[in-house]
Amino acid sequence: MSMTDPVADFLTRIRNAINASHETVDIPASKLKKEIARVLKEQGYIDAFSVEAPSSSHPAELIKIDLKYSDDRRSAISGIRRISRPGQRNYVGNADIPKVQGGLGTAIVSTSKGVMTGHDARKAGVGGEVVAYVW
């Protein structure tokens, strides 16, 4: 059976790994997921990510994400939520890009100029699909 929403699966694997206090999480790779991981790294929500080539143990590329925790084992990601879904896409113009948690969180937006934060999309003057919120 095929997966209908791979991005929701990506976010759920991160959420579950944080709830289980795992150090790393492996996720099947795609271009969009690699870009979302890049944005999470740039914003400081994760320590690092790497793309592993296919091998005998896994037939496709994997994204290996190193989760970020504070000294008292609190995650840098306190919440992560899928916004635009296959059944209900959420497109916004540059003037309507939402602020997450009053500007303390990050909206991840897929634009014609690539995947970027809501702040960067407003600055670039482009709108697009609101993929997820992270705070």
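Residues numbered from 1 in each chain as written. Predicted model: local features only at pLDDT ≥ 70, side-chain atom pairs only at ≥ 80, totals over all residues. Heavy atoms only, no water.

Attention now goes to the domain arrangement of the protein chain. When its domains are assigned, the protein chain resolves into domain 1 (6-67) and domain 2 (80-134). Relative to domain 2, the C-alpha centre of domain 1 lies at a distance of 20 Å. At the interface, twelve residues of domain 1 touch 13 residues of domain 2. Where domain 1 abuts domain 2, roughly 1100 Å² becomes buried across the two surfaces, and 73% of that area is made up of carbon and sulfur atoms. When the buried area of domain 1 at its contact with domain 2 is split by residue, Leu-11, Val-39 and Tyr-45 rank highest and sum to 40% of it. Between the two partners, domain 1 and domain 2, sit zero salt bridges. At the boundary of domain 1 with domain 2, the tally comes to four residue pairs in polar contact (both at pLDDT 80 or more). Elements that contribute at least two residues to the side of domain 1 that touches domain 2 include exactly helix H1 (6-19) and helix H2 (31-42). Class assignment for the residues of the side of domain 1 that touches domain 2 results in eight nonpolar, one polar and three charged. (Domains from an automatic or database assignment. Contact = heavy atoms within 4.5 Å. Buried area = accessible area lost by both parts, 1.4 Å probe. Salt bridge = Lys/Arg side-chain N within 4 Å of Asp/Glu carboxyl O. Polar contact = N/O pair within 3.5 Å; in protein donor to acceptor, adjacent residues only side chain to side chain. Helix = DSSP H or I, 4+ residues; strand = E, 2+ residues; numbered from the N terminus. Nonpolar A, V, L, I, M, F, W, Y, C, P; charged D, E, K, R; others polar.)

Applying the stated criterion to the full structure yields nine salt bridges. A salt bridge links Glu-42 to Arg-38; its shortest N-O distance comes to 2.8 Å. Separated by four residues within a single helix, Glu-42 and Arg-38 lie in helix H2, roughly one turn from each other. Arg-74 is the partner of Asp-72 in a salt bridge, and the nearest nitrogen-oxygen pair spans 3.9 Å. Assessed through its relative accessible area of 54%, Asp-72 is described here as exposed. Among the residues examined, Arg-74 registers a relative accessible area of 59% and is labelled exposed. (Buried < 20%, exposed > 50% of the residue type's maximum accessible area, 1.4 Å probe, protein only.)

Let's shift gears to the nonpolar core. If you look at the biggest cluster of nonpolar residues, it comprises 25 residues, and the most contacted ones within it are Phe-10, Ile-14, Leu-40, Ile-65, Leu-67, Ile-77 and Ile-108. Broken down by secondary-structure element, the contributors of at least two residues to this core are H1, strand E1 (24-28), H2, strand E3 (62-67) and strand E8 (128-134). Shared between two domains, this core takes at least three residues from each, and those domains are domain 1 (6-67) and domain 2 (80-134). Residue contacts for Leu-67: discarding those within four places in its chain leaves Ile-14, Ala-17, Ile-18, His-22, Glu-23, Ile-46 and Asp-47. Residues Ile-83, Ile-97, Val-126 and Val-130 belong to the second largest nonpolar core, which totals eleven residues. (Core = buried A, V, L, I, M, F, W, Y, C linked by side-chain atoms within 4.5 Å.)

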